[in-house]
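# A structural walkthrough
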Amino acid sequence: GNTNDLYGSGTLTLTGANTFDGGVNIVNGTVVSRTSTSTLGTGAVTMGGTGSAGASYQLGHAISNNFTINAPDSGLIVIGANDVGSGFTMAGGITLNGALTIRTFDNTVPIEPATTKASANFTGGIAGTGDVVLDNLGLAANFITLNTGAINHIGSLTLQGTATGNTTIGAVIGANVTDVTQNSA
């Protein structure tokens, strides 16, 4: 199949189910995935790389695509929740060729009811080379969970953020991880 390349600096919101299998390259800007587990098709997803000033992928549901993170020329590569109370699970593996920030939604006001929280769940594991930042943001009890797949990238793992919820690592942290730092407010 064909690969879909996204180079713009704006925001592209995808809402429908897609069946293409060639993959997606998110070079710049933000892709927001709503309502469907197949908005990115069935192929692999690549983020960043040469010519990238940073890219983000925001979602609120489960997906199984594998991701490759390439270092941008500038900016950050971010995967995160797309709204207050949204949660997602990424079952595909992540291969790093650069740094990745994983974050919850930055809700700037306390959320009522208190059960409304953003969540980020990763079950596919992380490999390759690059640092990973788990950025648990917001004023709610948002949470980030890494479980099942091994976390064994060459690089650091930093936990930070302002949310009152937990960041839980239930996966094996392999010998390639150079250090783990807790830096939350």
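Okay, so let's go over this structure. Values in this document were obtained by computation on a predicted structure and should not be read as measured data. (Residues numbered from 1 in each chain as written. Predicted model: local features only at pLDDT ≥ 70, side-chain atom pairs only at ≥ 80, totals over all residues. Heavy atoms only, no water.)

Right, let's get into the packing of aromatic side chains. Throughout the structure, instances matching the rule amount to two aromatic pairs. Note on Tyr57 and Phe67: the rings are 5.7 Å apart at their centroids and 35° apart in plane angle, and the pair reads as tilted. In this pair, Tyr57 sits in strand β6 (residues 54-59) while Phe67 sits in strand β8 (residues 67-70), placing the two residues 10 residues apart along the sequence. Across the pair, Phe67 and Tyr57 agree in class, each one buried. Judged by centre distance (5.6 Å) and plane angle (90°), the ring pair of Phe88 and Phe122 falls under edge-to-face. Here Phe88, found in strand β10 (residues 87-90), pairs with Phe122, found in strand β13 (residues 119-122); they are 34 residues apart in sequence, far enough to count as distant. The residues Phe88 and Phe122 share a single accessibility class, namely buried. (Phe/Tyr/Trp six-rings, centres within 6.5 Å; stacked < 30°, edge-to-face > 60°. Helix = DSSP H or I, 4+ residues; strand = E, 2+ residues; numbered from the N terminus. Buried < 20%, exposed > 50% of the residue type's maximum accessible area, 1.4 Å probe, protein only.)

Nonpolar side chains in soluble globular proteins tend to end up buried together. Met47, Tyr57, Phe67, Ile79 and Phe122 are the most contacted members of the largest nonpolar core, which has 35 residues in total. Among all residues touching Phe122, those that are not within four sequence positions of it are Ile79, Phe88, Met90, Ile94, Ile102, Thr145, Leu146 and Asn147. (Core = buried A, V, L, I, M, F, W, Y, C linked by side-chain atoms within 4.5 Å. Contact = heavy atoms within 4.5 Å.)

This next bit is on the environment of Thr68. Looking at where Thr68 falls in the secondary structure, it is placed in strand β8. Taking the C-alpha atoms as reference points, Thr68 and Met47, separated by 21 residues in sequence, lie 6.4 Å from one another. Not counting residues within four places of it along the chain, the set of residues in contact with Thr68 comprises Val45, Thr46, Met47, Thr95 and Asn97.

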